[in-house]
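This is what each chain is made of:
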Amino acid sequence: MLLTTGFVAILYVIELIDVITHQPFAQAGIAPRDSDGLSGILFAPLIHANWGHLMSNAVPLLVLGFLVFLSTLMRAVAATAIIWIVGGAGTWLTGGEGTVHIGASIIVFGWLAFLVMQGIFSRNAVQLAVGVGVLFLYGGLFWGVLPGQPNISWQGHLFGAIGGVVAAWVLSGADRERRRAARPGPKPYGGFAA
């Protein structure tokens, strides 16, 4: 909880600096298919348009982040890194011409998808239960991956969620391998016949 709370506190400090200094931090967001906009992949989840935008992300970040960080620190950090990169890169590739994409909703949608999918991929009962609970509480957010709302980065939502699925798949690899090894029957032979 401390890491997630710290992350959200950093977002509030960044927004406060933006307001006090009148710096257009939003311009440091993801500018699709613009080489200058590539750095936005790193900075966009830290920047918000205004206090309302930040507040709409803060509660889901706290709740979902708490659940993600219940697993090992390395797993949670790896999942977040995958979501951050896949979400940002996908937004950079597909965002509308002349737009700038900002906000931690890339992480929100990524953590949401990660929590839902990790139990399915790992077939872990506890993770499945967490995924069902998260889907029950926040499943309606998935409508945000569809285009339609003006000034809302559905691309960030969509690719954040895709990043969450990728993270769940990658990080459940050891669980899937253990299941394959435990299956009865002939095991695949990796060597050459003599």
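Keep in mind that this is a model prediction, so the values were computed, not measured. (Residues numbered from 1 in each chain as written. Predicted model: local features only at pLDDT ≥ 70, side-chain atom pairs only at ≥ 80, totals over all residues. Heavy atoms only, no water.)

### As for unusual backbone geometry
Although it is not a glycine, Arg33 sits at a positive phi angle of roughly 55°. With respect to the element layout, Arg33 can be found in the loop between α1 (2–21) and α2 (40–43). Phi at Arg123 is positive, roughly 55°, even though this residue is not glycine. In this structure, Arg123 sits in the loop between α5 (105–122) and α6 (125–138). (Helix = DSSP H or I, 4+ residues; strand = E, 2+ residues; numbered from the N terminus.)

### Side note on the nonpolar core
Counting residues in each nonpolar core, the largest one holds 36 residues, and the members touching the most others are Leu61, Leu64, Val68, Ile83, Ile107, Trp111 and Phe114. Elements with a contribution of two residues or more to this core: α1, α3 (51–68), α4 (73–94), α5, α6 and α7 (154–171). If one sorts the elements of this core by residue count, α5 sits on top with 12 residues. Beyond its immediate stretch of four places on either side in the chain, Ile83 contacts Gly88, Ile106, Ile107, Gly110, Trp111, Phe114, Gly160, Gly163, Gly164 and Ala167. (Core = buried A, V, L, I, M, F, W, Y, C linked by side-chain atoms within 4.5 Å. Buried < 20%, exposed > 50% of the residue type's maximum accessible area, 1.4 Å probe, protein only. Contact = heavy atoms within 4.5 Å.)

### Let's talk about the packing of α4 against α5
One can describe the packing of α4 onto α5 by two numbers: an axis separation of 9 Å at closest approach and a directional angle of 125°. Between α4 and α5, the angle falls in the class oblique. Where α4 crosses over α5, the two elements pack in a sense that is right-handed. Counting all contacts with α4, which are made through Arg75, Ala79, Thr80, Ile83, Trp84, Gly87, Gly88 and Thr91, the residues of α5 involved are Ile106, Ile107, Gly110, Trp111, Phe114 and Gln118. Here the residues of the contact of α4 with α5 sort into seven nonpolar, six polar and one charged. (Axes fitted to C-alpha atoms, helices over the stretch in contact; angles between N-to-C directions. Parallel < 35°, antiparallel > 145°, perpendicular 65-115°, else oblique. Left-handed = near helix turned anticlockwise from the far one by under 90°. Nonpolar A, V, L, I, M, F, W, Y, C, P; charged D, E, K, R; others polar.)

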